[in-house]
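For reference, the chains in residue letters:
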Amino acid sequence: MILLIKNIKKLVQVEEQAVAKISGADMAKLATIDNAFLLIEDERIVNFGTMDELTNPSVWKMTSCKADSLLNADIKVIDATGQMVLPSFCDSHTHIVYAGSREIEYIDKIKGLSYEEIAARGGGILNSAKLLRETSEDELYRQSMLRVEEMISMGTAAVEIKSGYGLTPESELKMLRVIKRIRENSPMIIKSTFLGAHSIPAEYRGRQTEYVDLVISEMIPQVAAEELADYIDVFCDKGFFTVEDTDRILLAGMKYGMRPKIHANELDYSGGIQVGVKYDALSVDHLEFVGDAEIAALQGSNTMPTVLPGAAFFLNMELSPVRKMMNAGLPVALASDYNPGSSPSGNMKFVMSLGCINYKMTPEEVINATTINTAYAMGISDVAGSIARGKFANVYITKNIPSYEFLPYAYGSNLIDKVIIKGKIQ
Ligand code: NIG
Ligand code: FE
């Protein structure tokens, strides 16, 4: 199937030479083409350029179309006059497989309790763990797919999903099997992360090392045997898992081919960033507490610093020093952290707005941070995250908008007209 999108007012974030990630001052750059076309065959982007170039035979010769010109060929055409086309969002950090919701804790938060105080009272992650254990795999899948569908409608075409609300071998496997079913049944690109060390379950209170032993000796081997996880995560922070715990768990996961991708430095200078970099983590995420030592550790590494503006917004937290990191030449990714406790939203367009409003990032920077850099942070920047020949045709077509800057500016408006994932209109 050949799909031609023509008369595109602006085709945003095109790459002639695809790169794995964008760092430092380059994050402010964004290549665009005015009055453009985008040519898709089956699942992939075949070509793009200006409307003038569309009549050039070299354009359509890249497809399997035998007609003498694309304009005479039997292909599906979308006329995008007045509309823009952007690469779909990649959301590299979510916890969307969960049961129920936690709006009651939200009220506690409004009344003044902190995230840590709620967790210490058995709320928070443990509340979700209790609910999840009582929920069947089918029901969990049903609830999670509703979130997947909502995210697709908001322009996301790739998502990383973590376990971590099971906290027993059986329930962690249940979560990961749900993620596997989502991967099999949704058009999105899905990556799966094992986060057995998300919290100490109630039955192990005071016996943290024994729980870490359970994660290492029982959970990780079982997860690996069923090939349920691409990555290994640990919540390495004050009141949760220590650097030593994290070190042990990451090593155990890496033995089975799971690359680290961890929660770090959300609540304190936890040492999480350094231990993540030490094991070549694909990303370290949250990063509210980042100083010179953390920046120095990240420089020259392959680890993507990932900030979760929705969680900081929802919990009224310290803001990660994003500008300082970019000034130091680092790349920055922005993901949603969609979860029931600290960020009950997978709206990546709103994440872009938060990036601009709270972190003083420019529209160009937030577009790069939510597409190519999050694609890198989930290990898929060779096939997603920008408009580049050969990549998956994962794009969204906007409504009529005056500029791409309008997207993060109009923070509450749904500005998406059509979503295309792997070449198919959703
Ligand atoms: O990324 N920080 C740790 N974990 C999640 C929150 C999970 C929850 O509260 O349910 C996060 O914010
Ligand atoms: Fe998280």
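Residues numbered from 1 in each chain as written. Chains lettered and ligands numbered in written order. Predicted model: local features only at pLDDT ≥ 70, side-chain atom pairs only at ≥ 80, totals over all residues. Heavy atoms only, no water.

Participant: Please explain unusual backbone geometry as it appears in this structure.
Facilitator: Even without glycine at this site, N265 takes up a positive phi of about 55°. As for its position among the elements, N265 is in the loop between strand 10 (259-264) and helix 9 (272-278). Judged by relative accessible area, N265 falls into the buried class, the value being 0%. A positive phi angle is found at D337, which is not glycine, with a value near 60°. By secondary structure assignment, the location of D337 is in the loop between strand 13 (333-334) and helix 13 (348-359). (Helix = DSSP H or I, 4+ residues; strand = E, 2+ residues; numbered from the N terminus. Buried < 20%, exposed > 50% of the residue type's maximum accessible area, 1.4 Å probe, protein only.)

Participant: How should the domain arrangement of the chain be read in this particular structure?
Facilitator: It is common to give the size of an interface as the accessible area that goes away when the parts come together. Looking at the assigned domains, one finds that the chain contains domain 1 (2-87 + 386-425) and domain 2 (89-378). Using C-alpha coordinates to define each centre, domain 1 is positioned 31 Å away from domain 2. Taken together, the 33 residues of domain 1 in the interface contact 34 residues of domain 2. When domain 1 packs against domain 2, close to 2,600 Å² is buried across both sides, 65% of that on carbon and sulfur atoms. The interface formed by domain 1 and domain 2 includes zero salt bridges. Linking domain 1 to domain 2 there are 11 residue pairs in polar contact (both at pLDDT 80 or more). Among the elements of the structure, strand 5 (83-87), helix 16 (406-409) and strand 15 (416-421) are those that each provide at least two residues to the side of domain 1 that touches domain 2. Per-element accounting of the side of domain 1 that touches domain 2 gives the leading share, three residues, to strand 15. Taken together, the residues that form the side of domain 1 that touches domain 2 break down as 20 nonpolar, seven polar and six charged. (Domains from an automatic or database assignment. Contact = heavy atoms within 4.5 Å. Buried area = accessible area lost by both parts, 1.4 Å probe. Salt bridge = Lys/Arg side-chain N within 4 Å of Asp/Glu carboxyl O. Polar contact = N/O pair within 3.5 Å; in protein donor to acceptor, adjacent residues only side chain to side chain. Nonpolar A, V, L, I, M, F, W, Y, C, P; charged D, E, K, R; others polar.)

Participant: Any chance you could explain the side chain of N394 here in plain terms?
Facilitator: Examined against the element boundaries, N394 turns out to sit in the loop between helix 15 (372-377) and strand 14 (395-400). Overall, N394 belongs to the buried group, its relative accessible area being 7%. Those residues within four positions of N394 in sequence are excluded, and the remaining contacts are L86, P87, S88, A157, I189, I420, I421 and K422.

Participant: Just to check I follow, could you spell out the site of ligand 1 for this structure?
Facilitator: Inspection of the region around ligand 1 gives 15 residues, with Y115, Y165, H198, D337 and S342 positioned closest. Take Y165: an N or O atom from its side chain is 2.6 Å from an oxygen atom of ligand 1. Contact between ligand 1 and H263: an oxygen atom at 3.0 Å from a side-chain N or O atom of the residue. Notes on ligand 1: free accessible area 320 Å², of which the protein chains cover 100%. (Near = heavy atom within 4 Å. Areas by Shrake-Rupley, 256 points an atom, 1.4 Å probe, with all protein chains shown as cover.)

Participant: What is the right way to look at the packing of helix 7 (residues 208-225) against helix 8 (residues 243-255) in this model?
Facilitator: When two helices pack together, their arrangement is captured by the angle between the axes and the distance separating the axes. Viewed as axis vectors pointing N to C, helix 7 and helix 8 meet at an angle of 5°, and their least axial separation amounts to 10 Å. Considering their axes alone, helix 7 and helix 8 lie roughly parallel with respect to each other. For the pair helix 7 and helix 8, the contacting residues are Q208, T209, V212, D213, V215, I216 and I220 in the first and D245, R248, I249, A252 and G253 in the second. Each residue belonging to the contact of helix 7 with helix 8 can be placed in one class, and the counts come to six nonpolar, three polar and three charged. (Axes fitted to C-alpha atoms, helices over the stretch in contact; angles between N-to-C directions. Parallel < 35°, antiparallel > 145°, perpendicular 65-115°, else oblique.)

Participant: Please explain the coordination of the iron ion (ligand 2) as it appears in this structure.
Facilitator: When four donors bind a metal tetrahedrally, each ideal donor-metal-donor angle is 109.5 degrees, and when six bind octahedrally, the ideal angles are 90 or 180 degrees. Bound to the iron ion (ligand 2) on the protein side are H93 (NE2), H95 (NE2), H263 (NE2) and D337 (OD), at distances that span 2.1 to 2.3 Å. Sequence spacing among the residues donating to the iron ion (ligand 2) works out to H-x1-H-x167-H-x73-D. Here H95 is found in the loop between strand 6 (89-94) and helix 2 (103-110), whereas its partner H263 is found in strand 10, with 168 residues between them in sequence. On the basis of relative accessible area, H263 is assigned to the buried category, the value being 2%. (Donors = N, O, S within 2.8 Å, 3.2 Å for Na, K, Ca; no water.)

Participant: Just to check I follow, could you spell out the packing of aromatic side chains for this structure?
Facilitator: The geometry of an aromatic ring pair is captured by two quantities: the separation of the ring centres and the angle between the planes. Under the defined criterion, the tally for this structure stands at 10 aromatic pairs. Taken together, a centroid distance of 5.4 Å and an interplanar angle of 75° make the contact between Y269 and F289 edge-to-face. Here Y269 is found in the loop between strand 10 and helix 9, whereas its partner F289 is found in the loop between strand 11 (283-286) and helix 10 (292-298), with 20 residues between them in sequence. Take Y269: its relative accessible area is 48%, and that puts it in the partly exposed class. On the numbers, 6.3 Å between centres and 40° between planes, the contact of F350 with Y411 is tilted. Placement of F350 in helix 13 and of Y411 in the loop between helix 16 and strand 15 is noted, with a sequence separation of 61 residues between them. Taken together, the aromatic side chains of Y204, Y211 and F241 make up a single cluster linked through ring pairs. Sitting over the ring of Y141, R181 keeps its end group 4.2 Å from the ring centre. Across the ring face of F48, the terminal group of R389 is positioned such that the distance to the ring centre comes to 4.1 Å. (Phe/Tyr/Trp six-rings, centres within 6.5 Å; stacked < 30°, edge-to-face > 60°. Lys NZ or Arg CZ within 6 Å of the ring centre and 35° of its normal.)

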